[in-house]
Amino acid sequence: ETGVTQSPTHLIKTRGQQVTLRCSSQSGHNTVSWYQQALGQGPQFIFQYYREEENGRGNFPPRFSGLQFPNYSSELNVNALELDDSALYLCASSLAVSTGELFFGEGSRLTVL
Amino acid sequence: DAKTTQPNSMESNEEEPVHLPCNHSTISGTDYIHWYRQLPSQGPEYVIHGLTSNVNNRMASLAIAEDRKSSTLILHRATLRDAAVYYCILRDPGGSQGNLIFGKGTKLSVKP
């Protein structure tokens, strides 16, 4: 069983640029959620995708957007990067079961200069 | 979603039991209690969850107070690999399935 994989593991961008982060779900999982984790803080929910549609969103502006593909893999796009966007971005996959556990990837570390 | 309160940090000796407390006085009747942990440089990892009864699995035990206003994660014999940040999270089955509200968690240090 393949776990959740994310790419790239590390990247550096400058203010105003755009970034795309990628996530491959664990085999058979149809729900993907994305989290932002600032240094020293717990992860914060950005949004969730199920059946290629966003069906839940946290307190993040519209410049954070995403996609889910038919194979359940997903992308997180962030436009007009700001310094505060520097964080670890985590992807988690799960089955669409309300109390099911989430399986997290190891994250993509984004640094915005 | 209801909030949880955990100590910022705890220390344990290797091979001794560890009891990690969590207060959730505003828990609703349908909230599940979930625990995740995050090892250094890794994503969070599911540990255990329960609703009312105490739960055991290969990683840990979860003891839930009768009034459900608090719970305790029990690691029976701490190892160095158990050094991590432990998060206690309440999940409403009616909410977004992928939406976990993480606090700052408890940073567990394990001494050899």
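Since the structure is predicted, the reported quantities are computational estimates derived from the model, not experimental observations.

(A) Expanded view of the sheet that holds strand S5 (residues 55–56) of chain B. Residue and element names in this part refer to chain B. Ordered by their spatial adjacency, four strands build an open sheet running S2-S7-S6-S5, and the pairing between neighbours is antiparallel. The open sheet is flanked by strand S2 (18–23) and S5, the only strands paired with a single partner. Here six bridges tie S2 to strand S7 (residues 70–75), and the two strands are oriented antiparallel to one another. By the bridge assignment, His 19 is partnered in S7 with Ile 74.

(B) Structural detail: the nonpolar core. One finds Leu20(B), Ile33(B), Trp35(B), Leu73(B), Leu75(B), Tyr86(B) and Leu108(B) to be the most contacted residues of the largest nonpolar core, which totals 21 residues. With four residues, the single largest contributor to this core is strand S8 (residues 84–91) of chain B. Membership of the second largest hydrophobic core comes to 20 residues, among which are Ile46(A), Phe47(A), Phe64(A) and Tyr89(A).

(C) Examining the interface of chain B and chain A more closely. Facing 20 residues of chain B, the contacting portion of chain A comprises 24 residues. Approximately 1700 Å² of surface area, both sides summed, lies buried where chain B meets chain A, with 52% of it carried by carbon and sulfur atoms. Three residues stand out in chain B for area buried against chain A, namely Pro44(B), Gln97(B) and Gly98(B), and they jointly supply 30% of the buried area on that side. The tally of links between chain B and chain A comes to zero salt bridges. At the boundary of chain B and chain A, one finds three residue pairs in polar contact (both at pLDDT 80 or more). The set of elements that each furnish at least two residues to the side of chain B that touches chain A consists of strand S3 (32–38), strand S4 (45–50) and S8 of chain B. With four residues, S3(B) is the largest single contributor of residues to the side of chain B that touches chain A.

The rules behind these values
- Residues numbered from 1 in each chain as written.
- Chains lettered and ligands numbered in written order.
- Predicted model: local features only at pLDDT ≥ 70, side-chain atom pairs only at ≥ 80, totals over all residues.
- Heavy atoms only, no water.
- Pairing = 2+ DSSP bridges.
- Helix = DSSP H or I, 4+ residues; strand = E, 2+ residues; numbered from the N terminus.
- Core = buried A, V, L, I, M, F, W, Y, C linked by side-chain atoms within 4.5 Å.
- Buried < 20%, exposed > 50% of the residue type's maximum accessible area, 1.4 Å probe, protein only.
- Contact = heavy atoms within 4.5 Å.
- Buried area = accessible area lost by both parts, 1.4 Å probe.
- Salt bridge = Lys/Arg side-chain N within 4 Å of Asp/Glu carboxyl O.
- Polar contact = N/O pair within 3.5 Å; in protein donor to acceptor, adjacent residues only side chain to side chain.

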